[in-house]
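One-letter residues, chain by chain:
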Amino acid sequence: SSSPTSICSRLTSEESCVRVDCCEWDGSFCVLSTGESFNFRHTSNSLQNSNIGTGRRVGYSITFTNRWTGINHPYLYPVDAHWSPFVYASHSDAYIMWRNGGTASRGVELVAEIGNISDLQGELSSNGNVLDQVSAVGIDEAFDGAMSAPSLPLCVDEGHPYVS
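In this report, the structure presented in the accompanying data block is examined. (Residues numbered from 1 in each chain as written. Predicted model: local features only at pLDDT ≥ 70, side-chain atom pairs only at ≥ 80, totals over all residues. Heavy atoms only, no water.)

It is at 7 Å that the axes of helix H1 (residues 106–114) and helix H2 (residues 118–125) come closest, and there the two elements cross at 155°. Looking at the two axes, H1 sits roughly antiparallel to H2. Judged by the sense of rotation from one axis to the other, the crossing of H1 with H2 is left-handed. Residues Arg106, Gly107, Val108, Leu110 and Val111 of H1 touch H2, and the partners they reach there are Asp119, Leu120 and Glu123. (Axes fitted to C-alpha atoms, helices over the stretch in contact; angles between N-to-C directions. Helix = DSSP H or I, 4+ residues; strand = E, 2+ residues; numbered from the N terminus. Parallel < 35°, antiparallel > 145°, perpendicular 65-115°, else oblique. Left-handed = near helix turned anticlockwise from the far one by under 90°. Contact = heavy atoms within 4.5 Å.)

Structure, rendered in structure tokens:
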């Protein structure tokens, strides 16, 4: 496992990011401060501020934990509930992966319909508003607590603070 100061291997040395050192480190993932947010949960016991300037890139690890079950969501819950492979992207506010009521890109459509992420990864790579992307394996059986995590951190910087 890498240390809290490791760089993101996908970027050139001039574009390297550092792991956040504002969090606890257990050797495999970063544990951030307590609190609830839009669609993710911070999991540490103490609030801490980062001492990394906003002009530097940082790398965050991501773990998806399934809570979608027939008990939690009984209406039309599928018999073969599963999750397709995951793709996460850091981007500026000029990039929108999808919008409710909008037309999906071909990449988003293929993920939704057949679980293929390659077109979406290509769209992200060619979009100048996207800084970085990582992927993780899907979850074949969506039981409560099933997890998936990319093997690499997702790099974020001041100009690309959003994650989709």
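Let us keep going from here.
This paragraph deals with the pairing of strand E8 (residues 86–91). Counting buried positions over the six residues of E8 gives six, a clear majority of the element. The alternating pattern of E8 places Phe86, Tyr88 and Ser90 on one face and Val87, Ala89 and His91 on the opposite face, and all of these are buried. Here E8 runs beside strand E9 (residues 130–136); their pairing, made up of six bridges, is antiparallel. When the sheet's bridge partners are listed, Ser90 is paired in E9 with Asp132. (Buried < 20%, exposed > 50% of the residue type's maximum accessible area, 1.4 Å probe, protein only. Pairing = 2+ DSSP bridges.)

It is worth spelling out H1 at this point. For H1, every residue scored as buried is listed here: Gly107, Val108, Leu110 and Val111. Down the axis of H1, the buried side of the element spans an arc of 165°, and every buried residue falls inside it. Opposite the packed face of H1, turned more than 90 degrees from it, sit the exposed residues Ala112, Glu113 and Ile114. (Arc of directions from axis to C-beta.)

Of all hydrophobic cores here, the largest spans 10 residues; its members are Val87, Ala89, Tyr95, Met97, Val108, Val111, Ile117, Leu120, Leu124 and Val130. Broken down by secondary-structure element, the contributors of at least two residues to this core are E8, H1 and H2. Setting aside residues up to four positions removed in sequence, Ile117 forms contacts with Pro85, Val87, Val111 and Ser135. Of all hydrophobic cores here, the second largest spans eight residues; its members include Ile62, Tyr88, Ala136 and Leu154. (Core = buried A, V, L, I, M, F, W, Y, C linked by side-chain atoms within 4.5 Å.)

Turning our attention to the side chain of Asn66. Along the chain, the position of Asn66 falls in the loop between strand E7 (64–65) and E8. A polar side-chain atom of Asn66 sits 3.1 Å from the main-chain carbonyl oxygen of Ala142. Those residues in contact with Asn66 that sit more than four places away from it in its chain are Trp83, Ile139, Ala142, Phe143, Asp144, Gly145 and Ala146. (Polar contact = N/O pair within 3.5 Å; in protein donor to acceptor, adjacent residues only side chain to side chain.)

Here we take up unusual backbone geometry. Phi is mostly negative for residues that are not glycine, and the peptide bonds are mostly trans. For Leu76, which is not glycine, the phi dihedral falls at a positive 55°. Summarising the element assignment, Leu76 is placed in the loop between E7 and E8. Exposure remark for Leu76: the relative accessible area of 69% places this residue in the exposed category.

Time to look at the sheet that holds E9. Pairing in this open sheet of three strands is antiparallel, and the strands run E9-E8-E12 from one edge to the other. Edge positions in the open sheet fall to E9 and strand E12 (162–163), since each of these has one partner strand only. Contacts between H2 and the sheet are confined to E8 and E9, with E9 contributing the most and set at about 160° to the helix.

Here we take up the packing of aromatic side chains. In the structure shown here, the tally under the stated rule is six aromatic pairs. On the basis of an interplanar angle of 5° and a centroid distance of 6.2 Å, the ring pair of Phe86 and Tyr88 is categorised as stacked. For the pair Phe86 and Tyr88, a shared accessibility class is recorded, and that class is buried. One aromatic cluster in this structure is built from Phe64, Trp68, Tyr77, Trp83, Phe86 and Tyr88. (Phe/Tyr/Trp six-rings, centres within 6.5 Å; stacked < 30°, edge-to-face > 60°.)

Going through the model one piece at a time under the given rule, you end up with two salt bridges. Across the salt bridge formed by Asp144 and Arg67, the nearest N and O atoms sit 3.2 Å from each other. Of the two residues, Asp144 is situated in the loop between E9 and strand E10 (147–148) and Arg67 in the loop between E7 and E8; the sequence distance between them amounts to 77 residues. One salt bridge connects Arg106 with Glu109, and the closest N-O pair in it is separated by 3.7 Å. Of this pair, Arg106 and Glu109 both sit in helix H1, three residues apart, which is roughly one turn of that helix. Note on Glu109: relative accessible area 29%, which makes it partly exposed. (Salt bridge = Lys/Arg side-chain N within 4 Å of Asp/Glu carboxyl O.)

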